[in-house]
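Read off the chains here:
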Amino acid sequence: MKDVKLVASDMDHTLLTEKNELPPTLFKDIDKLQSLGVEFAIASGRPVYTLADIFGDLKSEMTFVSDNGGVIVYHGDVIHMSPLPTADYQKMTRFTLEQTTGVPVICGLDAAYVPASAQVHDAALRTFYSKINYVDDIYAVDVDADKYTIYFPEGDSEGANKNTFFPEFGADYSVVISGPEWIDVMNKGIHKGTALAILGDKLKIKPSEMMAFGDMYNDIEMLKYVDHSYLVANAAADMDQYANYRTDSNDDYGVTNVLHKLIAAKEA
């Protein structure tokens, strides 16, 4: 553990509890890691503006790998962005509304763009997207966007992806299930693993010096990329093959339990 110079953690069902709360010691732990020369990164499907709202004053001291790697912000500066062509997300939007029961979410850099008819799902959507623009004509949206997301209120994202969405778009885009209600789509080759490679190149940190935590399919590439890879106990059952280590569940603060061990090893 003493060689770790960068820690990256997923948010939902990994760092956050099922009550959507951060571990009580996290902010203190991040400050301590920084003082020991360890960079702390959030690697999430959430957009950067939502992450910035959550972490407040700490945002200028952290790295945000947002939208599954579509945007990387290092200490307040954007160091990487992979925009989706407008025609591409418009095509996905039309397919979603015509072929699935999902709600299309165009992930702009400034806000999420959602059909006005989906405002009934505002509470669920706003948990992940703190800035939402509901529009009457979703097909007319033309903004800088780095991710396209489908929200499935019935929680059937896995079936919808396997039977409908992945067969249509999987060959040309990075398509991942990020939760029971979510499918995320980025440009081909964009995922959390790519983001850590970009960050490692910038900071001169090797995969053997990285630690990562995850629970779901959009964490696979990140967990495979780093040497110190951890699954929380509540992870999807078929994720076992992708991580080298295990920790406690999100509700038992599995991430910060390991961080405390890392801090102790660094201080020894």
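A brief report on the enclosed structure follows. (Residues numbered from 1 in each chain as written. Predicted model: local features only at pLDDT ≥ 70, side-chain atom pairs only at ≥ 80, totals over all residues. Heavy atoms only, no water.)

**A word on a nonpolar patch on the surface**
Working step 1: Nonpolar side chains collect at one region of the surface, where Val78, Met81 and Leu109 lie side by side and expose about 250 Å² of accessible area between them.
Working step 2: Structurally, the position occupied by Met81 is in strand E5 (residues 77-81).
Working step 3: Judged by its relative accessible area of 39%, Met81 falls in the partly exposed class. (Patch = residues over 30% accessible without salt bridge, like charges linked within 9 Å, V, L, I, M, F, W, Y side chains within 5 Å. Areas by Shrake-Rupley, 256 points an atom, 1.4 Å probe, with all protein chains shown as cover. Salt bridge = Lys/Arg side-chain N within 4 Å of Asp/Glu carboxyl O. Helix = DSSP H or I, 4+ residues; strand = E, 2+ residues; numbered from the N terminus. Buried < 20%, exposed > 50% of the residue type's maximum accessible area, 1.4 Å probe, protein only.)

**Here we look at unusual backbone geometry**
Working step 1: In this structure, Asn20 takes a positive phi of about 65° despite not being glycine.
Working step 2: Examined against the element boundaries, Asn20 turns out to sit in the loop between helix H1 (11-15) and helix H2 (26-35).
Working step 3: Of note, the phi angle at His75 is positive, near 50°, even though the residue is not glycine.
Working step 4: Looking at the secondary structure, you find His75 in the loop between strand E4 (71-74) and E5.
Working step 5: Judged by its relative accessible area of 28%, His75 falls in the partly exposed class.

**Remarks on the sheet that holds strand E6 (residues 103-108)**
Working step 1: With mixed pairing, the six strands of this open sheet are ordered in space as E8-E7-E6-E9-E11-E10. The open sheet terminates on both sides in strands that have one partner only, identified here as strand E8 (132-135) and strand E10 (173-179). Shown here is a sheet whose adjacent strand axes are inclined to one another by a mean of 25°, direction ignored.
Working step 2: Note: E6 against strand E9 (residues 145-151), six bridges, orientation antiparallel. Bridge pairing links Cys107 to Lys147 in E9. (Pairing = 2+ DSSP bridges. Axes fitted to C-alpha atoms, helices over the stretch in contact; angles between N-to-C directions.)

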